Amino acid sequence: MTMRCIPGSTVRQTNEPGRSAALITGLIATAARFGPKLEVLEIGSSAGLNLLIDRFRIDLGGTVVGPADAPVSIVPDWRGPPPPSVPVDIVAVRGCDVKPMDATDPAVEARLAAFIWAEAPERLARVQGAIAMLRERPVDLVQADAADWIEARLAEPQAAGVARVLMHSVVWQYLPEPVAERIRTAMIAAGARATVDRPLAWVSMEPDRSLGHMVVRVCGWPGDDRWQVSATAHAHAAWIDSRAPDAGDGGIALPEGAEVRV
């Protein structure tokens, strides 16, 4: 299933570190295409729990990414063939949010815990573990407009041999359309400048309301800039399925305004 990387329409993620397991499928696809070294830029980071993506140990149906001694392990219910076992070296992770939360503040931690369903104790343990990791070593999270921040980051020098990656999860539908359009325009312009030594990628985990779950898509430059599906997933990544949905199979016909198009 493919779509052009450019189409558009207009999130803000909940603080669910389990989504890192879905997002990492897109980073694996990027590493397989452009090489292992990745510079990750996340918009809509909220409390920054998914900025720990390089510090989690994630098991995707037997394909394991992350440090062996990670204090938080994420093991979703994996469906379909596991992703390829390729080296993934996340050399930098930075994020922004219009109103970031300090999860290490006890009052904020209690608030985040209150949003977790009582029947999901594993989610609570994962969030608490991620917050403990933030206390040990903070992430690079700043307050900024997503378009302003991405435009500035894309203008920075890029190291040779490192793929620059825009990443977001359940965020796009909350962006004002002018902000979303500026990000698209900035990515297209940066994509036109991308080279084999300094590639650019875009990893998106956003809802497909016609299917009723999340779809993780990846595109990149130089080369074929069409979106490729790396996985579908539960909203909190309780399950992840590597089998791309058939565009002609099932789904609910939605009015254009109900669709989320990156």
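These numbers were taken from a predicted model, which means no experiment stands behind them.

Calculation rules
Residues numbered from 1 in each chain as written. Predicted model: local features only at pLDDT ≥ 70, side-chain atom pairs only at ≥ 80, totals over all residues. Heavy atoms only, no water. Helix = DSSP H or I, 4+ residues; strand = E, 2+ residues; numbered from the N terminus. Areas by Shrake-Rupley, 256 points an atom, 1.4 Å probe, with all protein chains shown as cover. Contact = heavy atoms within 4.5 Å. Buried < 20%, exposed > 50% of the residue type's maximum accessible area, 1.4 Å probe, protein only. Phe/Tyr/Trp six-rings, centres within 6.5 Å; stacked < 30°, edge-to-face > 60°. Lys NZ or Arg CZ within 6 Å of the ring centre and 35° of its normal. Pairing = 2+ DSSP bridges. Axes fitted to C-alpha atoms, helices over the stretch in contact; angles between N-to-C directions. Core = buried A, V, L, I, M, F, W, Y, C linked by side-chain atoms within 4.5 Å. pLDDT = per-residue confidence, 0-100. Salt bridge = Lys/Arg side-chain N within 4 Å of Asp/Glu carboxyl O. Expected span 1.5 Å × (residues − 1). Arc of directions from axis to C-beta. Parallel < 35°, antiparallel > 145°, perpendicular 65-115°, else oblique. Left-handed = near helix turned anticlockwise from the far one by under 90°.

### Quick word on the overall build of the protein chain
Part 1 of the reasoning: Counting secondary structure elements, the protein chain contains five helices and 13 strands.
Part 2 of the reasoning: Counting every atom, the protein chain has about 11400 Å² of accessible surface; 55% of that belongs to carbon and sulfur.

### Focus: the side chain of serine 204
Part 1 of the reasoning: Inspection of the secondary structure assignment puts serine 204 in strand β10 (residues 200–208).
Part 2 of the reasoning: Not counting the four nearest positions on each side in its chain, serine 204 is found in contact with His168, Val215, Val216, Arg217, Trp227 and Val262.

### Focus: unusual backbone geometry
Part 1 of the reasoning: A cis geometry characterises the amide bond from tryptophan 221 onward to proline 222, with omega recorded as 0°.
Part 2 of the reasoning: In this structure, proline 222 sits in the loop between β11 (213–221) and β12 (226–233).
Part 3 of the reasoning: A positive phi angle, near 60°, is found at alanine 237, a position not held by glycine.
Part 4 of the reasoning: Note on placement: alanine 237 falls in the loop between β12 and β13 (239–241).

### Side note on the environment of proline 17
Part 1 of the reasoning: Structurally, proline 17 is set in the loop between β1 (2–4) and α1 (19–34).
Part 2 of the reasoning: On the accessibility criterion, proline 17 (0% relative accessible area) is buried.
Part 3 of the reasoning: Each C-alpha atom, one on proline 17 and one on leucine 51, is 8.7 Å from the other, the two residues being 34 residues apart in sequence.
Part 4 of the reasoning: Not counting residues up to four positions away in its chain, the partners in contact with proline 17 are Leu49, Asn50, Phe56, Ile74, Arg126, Val127 and Ala130.

### With respect to the packing of aromatic side chains
Part 1 of the reasoning: In total, this model carries two aromatic pairs according to the counting rule given.
Part 2 of the reasoning: Grouping aromatic residues by their ring pairs yields a cluster made of Trp172, Trp202 and Trp227.
Part 3 of the reasoning: If you follow arginine 123 out to its NZ or CZ, it ends over the ring of tryptophan 117, 5.3 Å from the centre.

### Digging into the sheet that holds strand β4 (residues 63–65)
Part 1 of the reasoning: If you trace the three strands from one edge of the open sheet to the other, you get β4-β3-β5, paired in mixed fashion. Strand pairing shows two members of the sheet lacking a second neighbour, β4 and β5 (73–74), which therefore form its edges.
Part 2 of the reasoning: Here three bridges tie strand β3 (residues 57–60) to β4, and the two strands are oriented antiparallel to one another. Within β4, the position partnered with isoleucine 58 by the bridge is valine 65.
Part 3 of the reasoning: Contacts from α1 reach β3, β4 and β5 within the one sheet, and its direction differs from that of β3 by about 75°.

### Considering the nonpolar core
Part 1 of the reasoning: Ile24, Leu27, Leu49, Phe56, Leu60 and Ile240 are the most contacted members of the largest nonpolar core, which totals 48 residues.
Part 2 of the reasoning: Among the elements that make up this core, the one with the highest residue count is α1 (seven residues).

### Comments concerning the confidence of the model for the protein chain
Part 1 of the reasoning: For the protein chain, mean pLDDT is 90; residues scoring 70 or higher make up 89% of the total.
Part 2 of the reasoning: Residue range residues 1–13 is modelled with pLDDT below 50. Its contacts to residues more than four positions away, or to other chains, number 70 contacts.

### Let's talk about the pattern of salt bridges
Part 1 of the reasoning: Taken as a whole and assessed by the stated rule, the structure comprises 17 salt bridges.
Part 2 of the reasoning: One salt bridge in this structure joins arginine 164 and glutamate 39, with 2.9 Å as the shortest N-O distance. With arginine 164 in strand β9 (residues 163–169) and glutamate 39 in strand β2 (residues 37–43), this pair connects stretches of sequence that are 125 residues apart.
Part 3 of the reasoning: By relative accessible area, arginine 164 is classed as buried at 3%.
Part 4 of the reasoning: A salt bridge links aspartate 224 to arginine 226, with the shortest nitrogen-to-oxygen separation between them at 2.8 Å.
Part 5 of the reasoning: It is possible to trace a salt-bridge network through shared partners that takes in Glu39, Arg94, Arg153, Glu156 and Arg164.

### Details of helix α3 (residues 121–136)
Part 1 of the reasoning: Helix length check: α3 (16 residues) gives 23 Å between terminal C-alpha atoms against 22 Å at 1.5 Å per residue, within 8%.
Part 2 of the reasoning: Along α3, the residues classified as buried are Arg123, Arg126, Val127, Ala130, Ile131, Met133 and Leu134. The buried residues of α3 all sit within an arc of 155° when viewed along its axis, so they share a single face. Away from its buried face by more than 90 degrees, α3 exposes Pro121 and Glu136.

### Comments concerning the packing of helix α2 (residues 106–114) against α3
Part 1 of the reasoning: It is at 10 Å that the axes of α2 and α3 come closest, and there the two elements cross at 160°. Judged on the interaxial angle alone, α3 and α2 are roughly antiparallel. Read as a crossing pair, α2 and α3 show a hand that is right-handed. Across from Pro106, Glu109, Leu112 and Ala113 in α2, the residues of α3 making contact are Leu124, Gln128, Ile131 and Arg135.

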